[in-house]
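Below, each chain spelled out in residue letters.
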Amino acid sequence: MSASKGRETGMKHLSDQELMRIVQAGDYSPASEIYDRYSGRIYNFAFRFLKNAEAAEDATQEVFVKMLKHANQFQGDAKLSTWLFSITANWCRDHLRKADNKVKESDDVLVQLPAPSDHAPDRNLERRENEQRVRRALEALTPEQREAILLSRYQGLSYAEIAQIAGCSEGAVKTRVFRAMETLKKTLMADMSGGDRCLNAVP
Amino acid sequence: MSECSALRESMPLLLTESLDPVRRELTHQHIETCAVCGVEWEACKETWSLLGELPEVDVPARVKANFMAAAGLAPQRVSESNEAPANVVPFQRRKAFRWLAQAAAVVVIAGGSYFAGSNRAPEPLQARAETPASITGVSMAPSAIMPVSLAETRVLDAESMNPDIEGRPNISNVKFVDSDASDDKIGVSFDVTSHWTVTGSPRDKSLVRLFSYMMETESTNTQRSGAIESVRRMYSDPANADPEIANSLAKILRNDTQHEGVRLRAVETLTTLPASGSTETRAALIEALKSDPNPSVRIKAVEALANLARSGDAAAVDTLRQKATQQDENAYVRVKAAEALSNIK
Amino acid sequence: MIIRALITAVLVGSTLVAEAAPVKKTFRARQKFDVQAGGTFVLDNAVGNVQIIGTDKAATEAVVTRTIVGEDAAAVEEGRKNTTYLIGGDAKTRVARTVITGRTKKWDANVLWQVNVPRGIAVRVVSRTGEIIVRDILGNIAVQNVSGTVVLENVAAGAIVESANGSIIYSSTQPRADARLTSINGNITVTLAPGADFRWIAESLKGDIRTNFPARGAFINTSFRASVNAPGGPVLQTMSITGSIHLLTTGSSPQQAESVKRPLASRVVTSPMVSNMSAAPPKPQFANGVYKYATNIGDVRIPEIPGNADILTGAGKVQLGAVAGNARVVSHGGPLQFGEIMGTINATTRAGDILVDSARRGGVLSTKGGTIRLLYTSGPTRLESGGGDVIVRQAAAPIQAETRSGDISITLDPGTKTENITAATMKGNILLNVPARFAADVDAVIETFDPNTDSIESDLPGLSISREAIDGGRTRIRATGKLNGGGERVKLQAIGGDIRITTASIGPTVVAPK
């Protein structure tokens, strides 16, 4: 027991590449550690991409199962995050392609709101309002644009990485992000001038 | 104008600070001199920062449990597996774990610690060590650690035992018995290498732990709904209230994505338990109402939270408020949330 | 957090000495403080009324009145000591809060805040109970409470009110920014100048929505969206579940207003979520031998229907006792519960469990998520759940059962010799309980990651088992063959679970929930 504990904590000090080498050798004991490192980002990406908590859960689970199954496809010098996001993005695109999943979207949009703090009640209202606005704005994007902006804005990936994930050129990523920003700007700024501005005016 | 549009395309790159220094400088210079682009840049920045308002959501705990299970890596087994060979394919490897786990469980029973403290067991558990085992999957275990035969049936009094369920034995064929409805004793029978029946008062901790284990454990899926059903009947009596039972149900509700039927029963049973006001229960109900994909689970969670909200529980009230106003939620859930709120003084 | 750190406690000094006997005592204190122009005043008063009034003066003055009711003088004194207030923050964000500590049953406290503030600042109020009045304020306003009326009078900037049970009364001339007024169980009344231009979004699932403004709009799902007077302008959002919403011109009364739901009443059947959502129980309409009941939000409970039944609900629980004919039930959300249905049953709900005592002629039972329990059927029956167990206790007819996630348990009538049964679960187990002489051609398949745990077992002999590895590291186990010489087709499919064909009942009797 203590040996395995020691081993588990030992995992924490290994790099992504080292962990993947262990997995590639057929030993899945780093699975939990890798999951802990990336599940949050994967889940959040999928959740925002698909607008559906249930599908995001499925995506997260399957991405990590695939990671184990296809560990050998991982190039030792690549960034694990990029590879995982490729798998995730593929999964999500497939998911959206299936017609019946599209129907479900609007039904299952779930948002987990942060626990309210009683010190700043209307900061919460404001945040909630903004959140909804952002969610709606993101929904107005095409899947390609949404993918690009999610990876750029929330995951901090470079255009080169995004290009790899999306399977397109860097130039295409640039255009997608730009178009996404144009649309977002239009929707979000229009919202603001529509009068919701009051929410932001409260410090 | 074409310069402007080219620069605007670079604005997102400027935001992520990933533009090379020369282009960055040029772009900034342009923005300072070109009023139109200046406005665009401000809007761009504001949009970018507004996007940051989208909160990070937590991955539900069950996703990890599911992943580990789907990959054949039940978490506790992984930690036991440090000697497992490194070159085995995944889904076969699980067999080895399971085999190990089962063998471990058998050893534990043979050592007597599963029912440690048993001072009135009819006979020592090691008594029939020579009998070959007949449970599928365990038959490969060396006969030396197979202490008892399935053919045997033992009846134990819950009072006389102290189940220390650490080896996570693979319990199967679970049945609930209440042979004499007039006394307050209940019983549960099951197979772990041998056929056991444990009887006792529902208030007996040993029985409570056994029930909790059977409800939670994955390997007895077929019996889980039955276990929960029995718990509902036995533990909804306030005299038998036990927080451990409620906590087990809360755990199922939170973690068991695999079986919506089981989750439904868990939440249904939670609402009937008198001791369901614990922090764990409350958190599980709130999470279920917020994010369970099954609308019927959410309906039941609303009903259960209504009771908590009445006593002014702030988190419950807040969740109910959110649900009532969430326009993409099923109208019935919204109305139920509103009803629950209307009872608050 | 910063605010909290900056809070400086102002202890309420009181020279009153508790005298013998009074059960109720009032302590009044006056407090001056400043809020800079463009700043915000935040008040958190859990118990008691709040009045915040804008003035032309630069200073802010609060009168705090604590009323303590105790069982004796000592209890009142204890209550007084434990009921204090804090004023903190800085001139930009001034925070005031009622603090009640060590509450016992011996005393009860109520704190009234009357605050005069400079007109131009923003105001936020949080409360649990008590009436909240905010008047003559030019800045933004945010109010949150559980119960107690919220009155916003002569305000024009942005407003957000979130109440659970309190009514909201809002008046202005021409709003300059958006207002979002939500009271889940309270009424909302908005009064504006007749010429005001704005966009209006109103939703009340159970209450009425009325106005005497020239609102041009339509329902989109449950929300009424309209433009009032000139197109554009700020958005006024009014949302409730059980309360009514009134949008009135200054000086008019609710009686002068018309319901925006009523003109659409004729659509009640085809578009149940939209129109007349009165809380009154539905009245049956009898036509062509069919008893029709339609309600948008509300439970339907009918002990007996002497003919065919056609029930429609937007959201609500449907309970039918005996139905002499066929029953067709559609619910957009809510559990369904039926007694004896003599004809065929066709019941669908988008959310909730379905319980049927007896379906004489079979039919279809379908839920998007929930458990389906059918105690007896003697006609071909299809059961579908989007997630949840499917349980048939006694089937004397063909059964087709399907669930996306959950166990399926089917027990055949003891007299059944052979029957066509189909059951499929995407995640879960299947238990088919048959008489010992049951004859069938069986095709049972499970797909599993864990072939050691999940298995196909049969109490009756005649099945042969094959295994193959399939995609995704799963194993497919298939059992085919003839039971008792063969008969009708039994097709069972379980992913990630067991299949058991038994001849004796397993586990406890499934008891239907109340």
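Scoring rules and cut-offs
Residues numbered from 1 in each chain as written. Chains lettered and ligands numbered in written order. Predicted model: local features only at pLDDT ≥ 70, side-chain atom pairs only at ≥ 80, totals over all residues. Helix = DSSP H or I, 4+ residues; strand = E, 2+ residues; numbered from the N terminus. Buried ≥ 20, exposed ≤ 12 C-beta atoms within 10 Å, placed from the backbone. Contact = placed C-beta atoms within 7 Å. Pairing = 2+ DSSP bridges. Core = buried A, V, L, I, M, F, W, Y, C linked by C-beta atoms within 7 Å. Axes fitted to C-alpha atoms, helices over the stretch in contact; angles between N-to-C directions. Nonpolar A, V, L, I, M, F, W, Y, C, P; charged D, E, K, R; others polar. Left-handed = near helix turned anticlockwise from the far one by under 90°. Expected span 1.5 Å × (residues − 1). pLDDT = per-residue confidence, 0-100.

## Concerning the overall build of chain C
Counting secondary structure elements, chain C contains two helices and 46 strands. Counting every position in chain C, which comprises 514 residues, the buried fraction comes to 50%.

## Looking at the overall build of chain A
Per the secondary structure count, chain A includes 10 helices and zero strands. Element order for chain A, N to C, with α for helix and β for strand: α-α-α-α-α-α-α-α-α-α. Residue burial in chain A is summarised as follows: out of 203 residues, 42% are buried. Residue pairs in contact within chain A that sit at least 24 positions apart in sequence constitute 65% of those at least 6 positions apart.

## A few points about the pairing of strand 11 (residues 141–145) of chain C
Residues and elements named next belong to chain C. Counting buried residues in strand 11 gives five out of five residues, a clear majority hidden from the surface. Of the two faces of strand 11, the one lined by Ile141, Val143 and Asn145 and the one lined by Ala142 and Gln144 are each fully buried. As paired elements, strand 9 (residues 122–127) and strand 11 share four bridges and run parallel to each other. Bridge pairing in strand 11 links Val125 to Val143. One ladder, built from five bridges, connects strand 11 with strand 13 (residues 159–163); its direction is parallel. Along strand 13, the bridge assignment pairs Ala142 with Ile160.

## Re unusual backbone geometry
Residues and elements named next belong to chain C. Here the phi dihedral of Asp136 falls at roughly 55°; this positive angle occurs in a residue that is not glycine. Relative to the assigned elements, Asp136 resides in the loop between strand 10 (132–135) and strand 11. With 15 C-beta atoms packed within 10 Å, Asp136 lands in the partly exposed category. Phi at Asn229 takes a positive value of approximately 55°, unusual for a residue other than glycine. The residue Asn229 is located in the loop between strand 20 (223–228) and strand 21 (235–240) in this model.

## Description of the nonpolar core
Residues Ala46 of chain A together with Ala71 of chain B are the most contacted members of the largest nonpolar core, which totals 69 residues. With 11 residues, the single largest contributor to this core is helix 3 (residues 31–50) of chain A. Excluding residues within four positions of it along the chain, Ala46 of chain A makes contact with Ala56, Ala59, Thr60, Thr88 and Cys92 of chain A. Membership of the second largest hydrophobic core comes to 63 residues, among which are Val95, Leu112, Val117 and Ala196 of chain C.

## Topic: the sheet that holds strand 4 (residues 50–55) of chain C
Residue and element names in this part refer to chain C. Strand order in the open sheet formed by 11 strands is 2-5-8-4-10-12-14-16-22-18-23, with mixed pairing between adjacent strands. Looking at the sheet topology across the chains shown, the edges are occupied by strand 2 (24–34) and strand 23 (258–259). Alignment of strand 16 (residues 188–192) against strand 22 (residues 245–249), held across five bridges, turns out to be parallel. Residue pairing for strand 22: Val190 is matched across the bridge by Leu247.

## Thoughts on the sheet that holds strand 26 (residues 300–305) of chain C
Residues and elements named next belong to chain C. Strand order in this open sheet of 10 strands is 26-28-30-32-34-36-38-40-46-42, and the pairing throughout is parallel. Strands at the two margins of the open sheet, each flanked by one partner only, are strand 26 and strand 42 (456–458). In this sheet, adjacent strand axes meet at a mean angle of 5° when their direction is disregarded. Pairing of strand 28 (residues 318–323) with strand 30 (residues 336–341) involves four bridges; the strand directions are parallel. The residue of strand 30 that forms the bridge with Gln319 is Gln337.

## Considerations on the interface of chain C and chain B
The interface is formed by 52 residues belonging to chain C together with 43 residues belonging to chain B. Grouping the amino acids of the side of chain C that touches chain B by side-chain chemistry returns 15 nonpolar, 26 polar and 11 charged.

## Re the pairing of strand 29 (residues 327–331) of chain C
All names here are of chain C. By the criterion of burial, strand 29 is predominantly enclosed, with four of the five residues buried. By the bridge criterion, five bridges tie strand 27 (residues 308–315) to strand 29 in an arrangement that is parallel. Looking at the pairing, Ala309 lines up with Ala327 of strand 29. Looking at chain direction, strand 29 and strand 31 (residues 345–349) are connected through five bridges and run parallel. Note that in strand 31 the partner of Ser331 across the bridge is Thr349.

## Description of the packing of helix 9 (residues 243–255) of chain B against helix 10 (residues 260–272) of chain B
Residues and elements named next belong to chain B. Look at helix 9 against helix 10: their axes get within 9 Å of each other, and the N-to-C directions meet at 145°. Considering how the two elements wind past one another, helix 9 and helix 10 form a crossing that is left-handed. From helix 9, Ala246, Leu249, Ala250, Ile252 and Leu253 reach across to helix 10, where they touch Val262, Arg263, Ala266, Val267, Thr269 and Leu270. A class-by-class count of the residues in the contact of helix 9 with helix 10 yields nine nonpolar, one polar and one charged.

## Quick word on the environment of Gly387 of chain C
Checked against the element boundaries, Gly387 of chain C lands in the loop between strand 35 (381–385) and strand 36 (390–395). Considering only alpha carbons, one finds Gly387 of chain C and Gly370 of chain C, 17 residues apart in sequence, at a separation of 5.9 Å. Not counting residues within four places of it along the chain, the set of residues in contact with Gly387 of chain C comprises Glu260 and Asn294 of chain B together with Gly369, Thr403, Arg404, Ser405 and Gly406 of chain C.

## Some thoughts on helix 12 (residues 295–310) of chain B
All names here are of chain B. Helix length check: helix 12 (16 residues) gives 23 Å between terminal C-alpha atoms against 22 Å at 1.5 Å per residue, within 8%. Taken across its 16 residues, helix 12 has 13 buried, putting it largely inside the fold. Looking one or two residues past helix 12, Gly312 carries a phi angle of roughly 85°, positive in sign.

## Examining helix 9 of chain B
A rise of 1.5 Å per residue sets the reference length of helix 9 of chain B, with its 13 residues, at 18 Å; its end C-alpha atoms lie 18 Å apart and thus fit the reference within 8%. For helix 9 of chain B, the set of buried residues is Ile245, Ala246, Ser248, Leu249, Ala250, Ile252, Leu253 and Arg254 of chain B.

## A word on the environment of Ser167 of chain C
Residue and element names in this part refer to chain C. If you trace the backbone, Ser167 turns up in the loop between strand 13 and strand 14 (168–171). The exposure class assigned to Ser167 is buried, which follows from the 20 C-beta atoms found within 10 Å. With sequence-adjacent residues up to four places away left out, Ser167 is seen in contact with Thr149, Ser183, Gly186 and Asn187.

## Brief notes about the packing of helix 3 of chain A against helix 8 (residues 143–154) of chain A
Residues and elements named next belong to chain A. It is the contact of helix 3 with helix 8, at a shortest axis distance of 10 Å, that shows an interaxial angle of 145°. Along this stretch, helix 3 crosses helix 8, giving a crossing that reads as right-handed. Contacts between helix 3 and helix 8 involve Asn44, Phe45, Arg48 and Phe49 from the first element and Arg146, Glu147, Leu150 and Tyr154 from the second. Grouping the constituent residues of the contact of helix 3 with helix 8 by class yields four nonpolar, one polar and three charged.

## Overview of the environment of Lys317 of chain C
Residues and elements named next belong to chain C. Along the polypeptide, Lys317 turns up in the loop between strand 27 and strand 28. Sequence separation of Lys317 and Gly298 is 19 residues, and the distance between their C-alpha atoms is 7.3 Å. Residue contacts for Lys317: discarding those within four places in its chain leaves Asp299, Gly334 and Pro335.

## So, the confidence of the model for chain C
Low-pLDDT portions of the prediction should not be read for the details of their coordinates. Residue and element names in this part refer to chain C. When pLDDT is averaged along chain C, the result is 85, and 89% of the positions lie at 70 or above. Across residues 263–281 the pLDDT falls below 50, and counting only partners more than four positions away or on other chains, this stretch makes 37 contacts in the model. This model gives residues 506–514 a pLDDT under 50, and the stretch forms 17 contacts once residues within four places in sequence are excluded.

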